[in-house]
Amino acid sequence: AQYEHYGRVGDIKEDFDIISYEDSKGELYSSFKHASHAMLFARNDTVLWDLYKSRAAIMMQMRFDGLIGFPGGLVDPGENPLDGVNRELEEEIGLDLCKHKLQDSDQVVSFVNKRKNLVLHFYGKEVTVNDFSEIEMKTLSAPDYGNETLGMIRPPLYTMGDGYRGLPAFLSNSYAGNSRQELLIGLQHFKILEQDEIEKAVDSWKTFMK
Ligand code: GTP
Ligand code: MN
Ligand code: MN
Ligand code: MN
Ligand code: MN
Ligand code: MN
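Residues numbered from 1 in each chain as written. Chains lettered and ligands numbered in written order. Predicted model: local features only at pLDDT ≥ 70, side-chain atom pairs only at ≥ 80, totals over all residues. Heavy atoms only, no water.

1. Describing the environment of L51
- Structurally, L51 can be placed in the loop between strand 3 (47–48) and strand 4 (52–53).
- In the structure, L51 is positioned 30 residues away from P81 in sequence and 40 Å away in space, judged by C-alpha atoms. (Helix = DSSP H or I, 4+ residues; strand = E, 2+ residues; numbered from the N terminus.)

2. A few points about the sheet that holds strand 6 (residues 60–63)
- Spatial ordering of the open sheet is given by 7-6-11, a layout of three strands whose pairing is antiparallel. Each of the sheet's edge strands pairs with one partner strand only, and the pair in question is strand 7 (68–69) and strand 11 (149–153).
- Across two bridges, the pairing between strand 6 and strand 7 is antiparallel. Opposite M62, over in strand 7, you have I68 as the bridge partner. (Pairing = 2+ DSSP bridges.)

3. A closer look at the pattern of salt bridges
- Summed over all chains, the structure comprises 11 salt bridges.
- The shortest N-O distance in the salt bridge between E197 and R55 comes to 3.1 Å. Within this pair, whereas E197 is found in helix 7 (residues 195–209), its partner R55 is found in the loop between strand 4 and strand 5 (56–58), the two being separated by 142 residues in sequence.
- A residue is classified by how much of its surface remains accessible, and E197, at 28% relative accessible area, is partly exposed.
- Overall, the relative accessible area of 25% leaves R55 in the partly exposed class.
- Between R87 and D76 there is a salt bridge, with its nearest N and O atoms 3.3 Å apart. With a gap of 11 residues between them, R87 in helix 2 (residues 81–93) and D76 in the loop between strand 8 (72–74) and helix 2 connect regions that are remote in the sequence.
- Residue classification places R87 among the buried positions, given a relative accessible area of 18%.
- Given a relative accessible area of 35%, D76 falls into the partly exposed group. (Salt bridge = Lys/Arg side-chain N within 4 Å of Asp/Glu carboxyl O. Buried < 20%, exposed > 50% of the residue type's maximum accessible area, 1.4 Å probe, protein only.)

As structure tokens, this is what we get:
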């Protein structure tokens, strides 16, 4: 119930239910596959052509399968969801865990798909503009760069004059797991965009998709 407000954002994929972090780590889901992904971001005041406010740099990626997603991956045997996300961030983006290790308090939302026996955990962490640039540069020398991960992407968060280009066009890409919903949840959770800005972008994306 504490996450009820997230339901208003986008269309949480119908076969994924939101569950609490505590429940997600309980016995009920111990035989499920778990995967953990994370949104690293930095608020900034960059403006494009004196017109479009960047608001924040958010790190997403082009994956090996042609889908857009967040860095992260499957939780390995013996790991908890937090261990998993930290290891995957080291592999996929070369994150310096001495500086930027995620904590349990960075968990934003977790989902379960009971049909697929799958639990998906989503974390988010704000860093400074300088740290973001440094992290982004290092992704090019990450162990998995060039095979599993094919390049980092910063989603545009504004909507352009035609009402489609910008965030609505970005939302019309194909996404891994429920990472499109996670992006919208992250925008809301961290108050990067106002609620009505998010809803307008979602409406615009859906309108232009028809
Ligand atoms: P390998 O290291 O090659 O095994 O891959 P991985 O461990 O990095 O796994 P991957 O990142 O592909 O994620 C595993 C599962 O999570 C798949 O079912 C994906 O569909 C799903 N997935 C991938 N990216 C995201 C994401 O950003 N968010 C969510 N919620 N799920 C994702
Ligand atoms: Mn991986
Ligand atoms: Mn991955
Ligand atoms: Mn993996
Ligand atoms: Mn895999
Ligand atoms: Mn791997």
